[in-house]
Amino acid sequence: MTQRLVSRMRGFGTTIFAEMSALAERTGAINLGQGFPDTDGPPALLARAAEGITGGVNQYPPGPGTPELRRAVAAARRERYGLDYDPASEVYVTVGATAGIAAAILAITEPGDEIVLFEPMYDSYAAAIAMAGGVRRPVTLRPRGGEGGRFAFDPEELRAAVGPRTRAVLVNSPHNPTGTVLTAAELAVIAQLCREHDLVAVTDEVYEYLTYDGAEHVPLATLPGMRERTLAISSTGKTFSVTGWKTGWVMGPPELVDAVRTVNQFLTYTANPALQLAVAEALETQEDWIARLATGLAAKRDRLSAGLREAGFRVFGTQGTYFVLTDIRPLGFDDGLALAHRLPELCGVVGVPAQVFYDDAEEGRPYLRFAFCKRDEVIDDAVARLARLRS
């Protein structure tokens, strides 16, 4: 049989997250690869969802999402960032942020259009751009400072990546996998380029509530001239530790949100209504729970980072997200992909090789990502096992 998959998607196989999770399950290793918590979200959120399901909220909701969730999202955005969105025309619910990002890229990208984005990049970005027939123009984030330093971009490299076919800039902050939270100065550089070149900004903000040590998430849409050209995307999964719920939303000016709706109605159409109602209530009532989650995750980050340093890794600073990025070279290794596949045998732990998040794999070759959204005893067990690498 001839190859059925379209040529632009032939470079994409099983996602690295599915591959590493399957490896953990097959070998019995501790899974610090895929970013999902091993505890549930707020009890009130879970109870409200169960109540909706058993109470008959199981049929199609409105295509753009339930009015309750769209109003709650708009209210949260206004209260937290001072951004006013009309729930009826400027908030659109999707099946997780991944679907929102894909629909956004498909909606605004003509074949041959270029999308500027930062690498390492979450793997769905490259796939969505390929599906749209677009061209990636990656700008590399590189570590600054010594041990505990953050990743940042060179403004001149970003400016050089923008050309006559550039259609959009895709920005992820807090950033997966580096843990960087973009500063106001860095966001200002991006905003200036968008205004100068009439670019759309697509922002992945799913870790917006999970920042640490005073790092502040600033939505790109809050900068001058950016609200009218930004599609901002967030979701439930990371905020409430329910990654399997896949309930997200896209926010922006009506013409851009309508473009996303036009595409998404033929992809997933709409999302689970009982979960939407539960999330709407949680956004209004669970702020204290979210704050406690962020505080707890900061402690878990410190716990895992200290153990990784003791095991011999170079550990970069994490200002947000679920993840710690490490350099394996101090341990005598130089290929993160090869080491990721050997880790279960060497010490019974699974991480994710960062080079799969780069177009230039050599840039990410020495890095491994570990997730700290796990119970303390799981982190401690993993750290004890990783210490075997020193010998």
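Residues numbered from 1 in each chain as written. Predicted model: local features only at pLDDT ≥ 70, side-chain atom pairs only at ≥ 80, totals over all residues. Heavy atoms only, no water.

Threshold: UniProt positions are given in the numbering used here, feature names are shortened, and annotations may be inferred rather than shown by experiment.
The name an unreviewed UniProt entry assigns to the protein chain is Succinyldiaminopimelate aminotransferase, from the organism Allonocardiopsis opalescens. UniProt's Cofactor (unreviewed entry) comment on the protein chain is quoted here verbatim: "pyridoxal 5'-phosphate". Listed under Sequence similarities (unreviewed entry) in UniProt, the entry text for the protein chain is "Belongs to the class-I pyridoxal-phosphate-dependent aminotransferase family."

**Considerations on the domain arrangement of the protein chain**
The line we're drawing: Residue ranges assigned to the domains are those given by an automatic or database domain assignment. Whether two residues are in contact is decided by their heavy atoms: any pair within 4.5 Å suffices. Buried area: the accessible area, evaluated with a 1.4 Å probe, that two parts lose upon being put together, summed over both parts. Basic side-chain nitrogens of Lys or Arg form a salt bridge, by our definition, when they fall within 4 Å of a carboxyl oxygen of Asp or Glu.
The assigned domain composition of the protein chain is domain 1 (7–41 + 288–390) and domain 2 (44–285). Contacts between the two partners involve 40 residues from domain 1, matched on the other side by 46 residues from domain 2. Taking both sides of the interface into account, the surface hidden between domain 1 and domain 2 amounts to around 3600 Å²; carbon and sulfur atoms contribute 58%. The tally of links from domain 1 across to domain 2 stands at three salt bridges.

**Quick word on unusual backbone geometry**
Here is the rule we go by: To qualify as a helix, a DSSP run of H or I must reach at least 4 residues; to qualify as a strand, a run of E must reach at least 2; elements of each kind are numbered from the N terminus. With a 1.4 Å probe rolled over the protein chains alone, any residue whose accessible area is under 20% of its type maximum counts as buried; one over 50% counts as exposed, and the rest are partly exposed.
Look at the link from Ser173 to Pro174: it is a cis peptide, with omega at -10°. With respect to the helices and strands, the residue Pro174 is situated in the loop between β7 (166–172) and α7 (184–197). Look at the link from Asn176 to Pro177: it is a cis peptide, with omega at 20°. Within the secondary structure layout, Pro177 lies in the loop between β7 and α7. With a phi close to 55°, Ser241 is a non-glycine residue in the positive phi region. Tracing the chain through its elements places Ser241 in the loop between β9 (230–235) and β10 (248–251). Classification of Ser241 by relative accessible area gives buried; the value is 7%. Even without being a glycine, Thr321 presents a positive backbone phi close to 80°. By relative accessible area, Thr321 is classed as buried at 0%.

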